[in-house]
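Here are the chains, one letter per residue:
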Amino acid sequence: MIILITGTPGVGKTTVSSILVEKIDAHLVNINELVDERHLYTGIDEEKGYKIVDLDALFNEMDKIIKNIDDPDKHVIVEGHLSHLFENSDTVIVLRANPDVLRHRMDTKGWKEAKIRENIEAEAIDVCSYEAFEIHGDKVNEIDTSDIPPAKVADLIIDVINGDKSFPVGNVDFLEYLK
C-alpha cells in the first residue's frame, strides 16, 4: 500500500511519518531528502528560498524506489509537501494545522516572515487538500494536527489505512482566518 502524507510546511509531516513508520513497519520515502540526495531540482528560487523541484525526475525516482522494495506487502509512506502530486497512491493523508498554530511552529523554527505568511495563507485556503483531491479524489483524508500529539495523529492514520475511520476533504476549514 502506498500512503502519501502531505501538507503545508510545519503541519507535522516528518514527525508523524517517523512515528508511523515505526508503528506499522513501513518503508519511508522522504521527498526533501530524495530531492537533495539525487539533485532533483533545477535551481533555487532566490526570493522565496526554496528549491525548484523537477517533478518528472522526482516521480521517476519515486517509481524506481517503490518498484525496488523487496517486500511487496510492506507499506510505503511517501512524506513531503509535494507527495500529493504523485499519482501512484492507495491513500493520501493531508495534515492540516490552524494558521495561528502553524505561525508559531514556523516562528520557532526561525522561518522568514514572507515564507510564514505564504504558508499560512496556503493553509487557510486548503491548497494541498484541493490539489490532492483533484488528483486522488476520495482517497484523500484531512487530519487537523493543531491540538493532537503526533503519536495520536499516527494512530488516526492507521485507522484510515485499516478502513476504520475516514476524514474526508472539507472536514477542516480555516477560511475564517483570512477575514
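Up top is the structure.
Residues numbered from 1 in each chain as written. Predicted model: local features only at pLDDT ≥ 70, side-chain atom pairs only at ≥ 80, totals over all residues. Heavy atoms only, no water.

Colleague: For this particular structure, what's the right way to read the pairing of strand β4 (residues 50-53)?
Modeller: The side chains of a regular strand alternate between both faces of the sheet. One ladder, built from four bridges, connects strand β3 (residues 41-45) with β4; its direction is antiparallel. The partner of G43 across the bridge, within β4, is I52. (Pairing = 2+ DSSP bridges. Helix = DSSP H or I, 4+ residues; strand = E, 2+ residues; numbered from the N terminus.)

Colleague: Before we go on, may I ask you to explain the pattern of salt bridges in this structure?
Modeller: Note that side chains of opposite charge can pair when their charged atoms are close. Inspection of every chain in the model, using the stated rule, returns twelve salt bridges. Note that K64 and E61 form a salt bridge whose closest N and O atoms lie 3.5 Å from each other. With K64 and E61 both in helix α3 (residues 55-67) and three residues apart, this pair spans about one turn of that helix. Relative accessible area serves as the criterion here: at 48%, K64 is assigned to the partly exposed category. On the basis of relative accessibility, which here comes to 15%, the residue E61 falls in the buried class. Among the salt bridges present, the one from D159 reaches K165, with a minimum N-O distance of 3.5 Å. With relative accessibility at 38%, the residue K165 sits in the partly exposed group. (Salt bridge = Lys/Arg side-chain N within 4 Å of Asp/Glu carboxyl O. Buried < 20%, exposed > 50% of the residue type's maximum accessible area, 1.4 Å probe, protein only.)

Colleague: Looking at this structure, I do not really get the packing of aromatic side chains. What am I missing?
Modeller: Each aromatic ring pair is summarised here by two numbers: the centre-to-centre distance and the angle between the ring planes. This model, assessed by the stated rule, comprises one aromatic pair. Aromatic side chains F59 and F86 sit 5.5 Å apart centroid to centroid with 45° between the ring planes, which places their arrangement in the tilted category. Separated by 27 residues along the polypeptide, F59 in helix α3 and F86 in the loop between β5 (76-79) and β6 (91-96) bring together distant segments of the chain. Grouping residues by exposure puts F59 and F86 together as buried. Looking at K51, its charged tip hangs above the ring of Y41, at a distance of 5.5 Å from the centre. (Phe/Tyr/Trp six-rings, centres within 6.5 Å; stacked < 30°, edge-to-face > 60°. Lys NZ or Arg CZ within 6 Å of the ring centre and 35° of its normal.)

Colleague: I tried to follow the side chain of E142 on my own but got confused; where do I start?
Modeller: Position of E142 relative to the elements: it lies in strand β7 (residues 140-144). In this structure E142 comes out as buried when scored by relative accessible area, which is 2%. Of note is the side chain of E142, whose polar atom sits 3.4 Å from the backbone nitrogen of V172. Apart from residues lying up to four places away in sequence, E142 is in contact with V94, R96, S129, F167, P168, V169, G170, N171 and V172. (Polar contact = N/O pair within 3.5 Å; in protein donor to acceptor, adjacent residues only side chain to side chain. Contact = heavy atoms within 4.5 Å.)

Colleague: Mind showing me how you'd approach helix α2 (residues 31-38) here?
Modeller: The set of residues buried in α2 consists of I31, L34 and V35. Down the axis of α2, the buried set is contained in an arc of 100°. They therefore lie on one face. By the N-cap criterion, in which a side-chain oxygen at the helix start approaches the backbone nitrogen of a residue two or three places on, α2 is capped by N30, the distance to N32 being 3.0 Å. Following α2 by one or two positions, H39 adopts a phi angle in the positive range, close to 55°. (Arc of directions from axis to C-beta.)

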